[in-house]
Amino acid sequence: MYLQHNIGKKVKEARLSKTFTQQDLAERCNLTKSHISKIENGQAAPAVATLSKIAHELDTPLSWFLESNLQNKLSIVKNNEKKLKIGNKEIGYTYEALANRPRFSKVEPVIVTVLPEAEYVEPFTHVEDEFIYILNGSINLYYDGELHYLEQGDSAYFEGNTPHIFLSADKNKEATVLTVFIQNNPL
């Protein structure tokens, strides 16, 4: 819940710095004003694709929304100090930020837990490139209309602007994926 609330505060801060109304941002992201309001008030956990769209429209790196505090040269996140995960079974994933990086960092590592009960949803896009490494379990990666089966130890690197999604390949077991979002476009 802390991370969800923190993301909401940062979305509002970035939106106001661009002098956008909630309606302006909603229209730019093809969302409803109500959804933007719920995100800003910590009442809704945005999917990474949604947060990526918001970040893009606000000219702010996705990583800035996921960090919990700033440290300039060294970022250490102790296992027992990690904040709560963002996400739920409705979106099919939980996300856990692994590094507290400065606002304009071009790399954001996260642990994505792919929930086994997640249903197939439409593939999505985002502006960052993405590297994934399967820590445990197995996933079906749907990328540009093709299915790729990946299991523990496998990895993939792909452009985020091509439609993609990954789901647990085993409907009885979650998969854990190290995901690194790499911002490759200038702000």
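Just so it is clear, the structure is predicted and the values come from calculations on it, not from any experiment.

### Concerning the nonpolar core
Next, step 1: Within the largest apolar cluster, 42 residues are counted, with the highest numbers of intra-cluster contacts made by Ile132, Ile139, Leu141 and Phe166.
Next, step 2: Phenylalanine 166 has contacts with Tyr93, Val112, Val114, Glu130, Ile132, Ile139, Asn140, Leu141, Val177 and Thr179, leaving out every residue within four places of it along the chain.

### Focus: the pattern of salt bridges
Next, step 1: Summed over the entire model, instances satisfying the criterion amount to 3 salt bridges.
Next, step 2: Residue glutamate 40 pairs with arginine 15 through a salt bridge whose shortest N-O separation is 2.5 Å. Of this pair, glutamate 40 sits in helix 3 (residues 33–40) while arginine 15 sits in helix 1 (residues 2–17); the two residues are 25 residues apart in sequence, bridging distant segments of the chain. Grouping residues by exposure puts glutamate 40 and arginine 15 together as buried.
Next, step 3: A salt bridge links lysine 18 to aspartate 59; the shortest N-O distance between them is 2.8 Å. Note that lysine 18 is positioned in the loop between helix 1 and helix 2 (22–29) and aspartate 59 in the loop between helix 4 (48–57) and helix 5 (62–66), a separation of 41 residues in sequence.

### So, empty space enclosed by the protein
Next, step 1: Counted by the stated rule, this structure contains 3 cavities of 30 Å³ or more.
Next, step 2: Of the volumes computed, that of the largest cavity is approximately 70 Å³.
Next, step 3: In this structure, the largest cavity is lined by Val48, Tyr93, Tyr95, Val112, Phe124, His126, Glu130, His164, Ile165, Phe166 and Phe181.
Next, step 4: Put simply, the parts of the chain that give the lining of the largest cavity at least two residues each are strand 2 (93–97) and strand 8 (164–168).
Next, step 5: The biggest single contributor to the lining of the largest cavity is strand 8, with 3 residues.
Next, step 6: Across the lining of the largest cavity, the residue classes tally to 8 nonpolar, 2 polar and 1 charged.
Next, step 7: Surrounding the second largest cavity, 11 residues form its lining, Ser63, Lys106, Glu108, Phe181 and Gln183 being those nearest its centre.
Next, step 8: Secondary-structure elements contributing two or more residues to the lining of the second largest cavity are helix 5, strand 3 (107–114) and strand 9 (175–182).
Next, step 9: Grouping the constituent residues of the lining of the second largest cavity by class yields 5 nonpolar, 3 polar and 3 charged.

Parameters and conventions
- Residues numbered from 1 in each chain as written.
- Predicted model: local features only at pLDDT ≥ 70, side-chain atom pairs only at ≥ 80, totals over all residues.
- Heavy atoms only, no water.
- Core = buried A, V, L, I, M, F, W, Y, C linked by side-chain atoms within 4.5 Å.
- Buried < 20%, exposed > 50% of the residue type's maximum accessible area, 1.4 Å probe, protein only.
- Contact = heavy atoms within 4.5 Å.
- Salt bridge = Lys/Arg side-chain N within 4 Å of Asp/Glu carboxyl O.
- Helix = DSSP H or I, 4+ residues; strand = E, 2+ residues; numbered from the N terminus.
- 1 Å grid on protein atoms, 1.4 Å probe; cavity = no way out; pocket = protein on both sides within 12 Å on 5 of 7 lines; lining within 4 Å.
- Points joined across faces, edges and corners; volume = space filled by probe spheres on them.
- Nonpolar A, V, L, I, M, F, W, Y, C, P; charged D, E, K, R; others polar.

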